[in-house]
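Survey of secondary and tertiary structure
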Amino acid sequence: LNAFVRQNPSLLDGTFKSLIKVPKLLDFDNKRAWFRTQLRKQDEQQRYHSAVRIRVRRSQVFEDSYHQLRLRTAEELKGRLTVQFSGEEGIDAGG
């Protein structure tokens, strides 16, 4: 089974997906390869999410953030969160 999965890793995304959760059935190398594939897919999906920008008052950071973020969908919240404080000049951290 492990040799079969090693030759065709995409089987773990379909037919044999339930085998991932069974301890000691698949080799660690197969599980690790599957996990890394999932991480790459997730990373690719996150690239397509736009940034969520909110503007908050430093003295009311929790309340302002809550009121602006509660209206966002789960998909919107998967993107990068950018916070700007009212009355403060932004600093470019290069990231």
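Residues numbered from 1 in each chain as written. Predicted model: local features only at pLDDT ≥ 70, side-chain atom pairs only at ≥ 80, totals over all residues. Heavy atoms only, no water.

What the protein contains, in helices and strands, is 3 helices and 2 strands. Its helices and strands taken in sequence order, the protein reads α-α-β-α-β from the N to the C terminus. Residue burial in the protein is summarised as follows: out of 95 residues, 16% are buried. In the protein, 51% of the contacts between residues at least 6 apart in sequence involve partners at least 24 apart. Total accessible area on the protein stands at roughly 7,900 Å², and carbon and sulfur atoms take up 53% of it. (Helix = DSSP H or I, 4+ residues; strand = E, 2+ residues; numbered from the N terminus. Buried < 20%, exposed > 50% of the residue type's maximum accessible area, 1.4 Å probe, protein only. Contact = heavy atoms within 4.5 Å. Areas by Shrake-Rupley, 256 points an atom, 1.4 Å probe, with all protein chains shown as cover.)

Tallied over the entire structure, the rule returns 6 salt bridges. As a salt-bridge pair, Glu88 and Arg58 come within 2.8 Å of each other at their nearest N and O atoms. Pair noted here: Glu88 is in the segment after β2 (81-85) and Arg58 is in the loop between β1 (52-56) and α3 (61-69), with a separation of 30 residues, a long-range link. Glu88 sits in the partly exposed class, given a relative accessible area of 34%. In this structure, Glu76 engages Arg72 in a salt bridge whose closest nitrogen and oxygen atoms are separated by 3.9 Å. Classification of Glu76 by relative accessible area gives partly exposed; the value is 33%. Owing to a relative accessible area of 30%, Arg72 belongs among the partly exposed residues under this scheme. (Salt bridge = Lys/Arg side-chain N within 4 Å of Asp/Glu carboxyl O.)

Judged from the 5 bridges that link them, β1 and β2 form a sheet pairing that is parallel. From the neighbouring strand, Val56 faces β2, where its bridge partner is Phe85. Once the chain exits β1 it traverses α3 before rejoining the sheet at β2, and the crossover so formed is right-handed. (Pairing = 2+ DSSP bridges. Right-handed = clockwise from strand over helix to strand, strands pointing away.)

For the rest of this paragraph, the subject is the confidence of the model for the protein. For the protein, the average pLDDT comes to 84, and 88% of its residues sit at 70 or higher. In the model of the protein, helix α2 (residues 28-46) stands out as the element of lowest mean pLDDT, 83, in contrast to α3, which has the highest, 96. (pLDDT = per-residue confidence, 0-100.)

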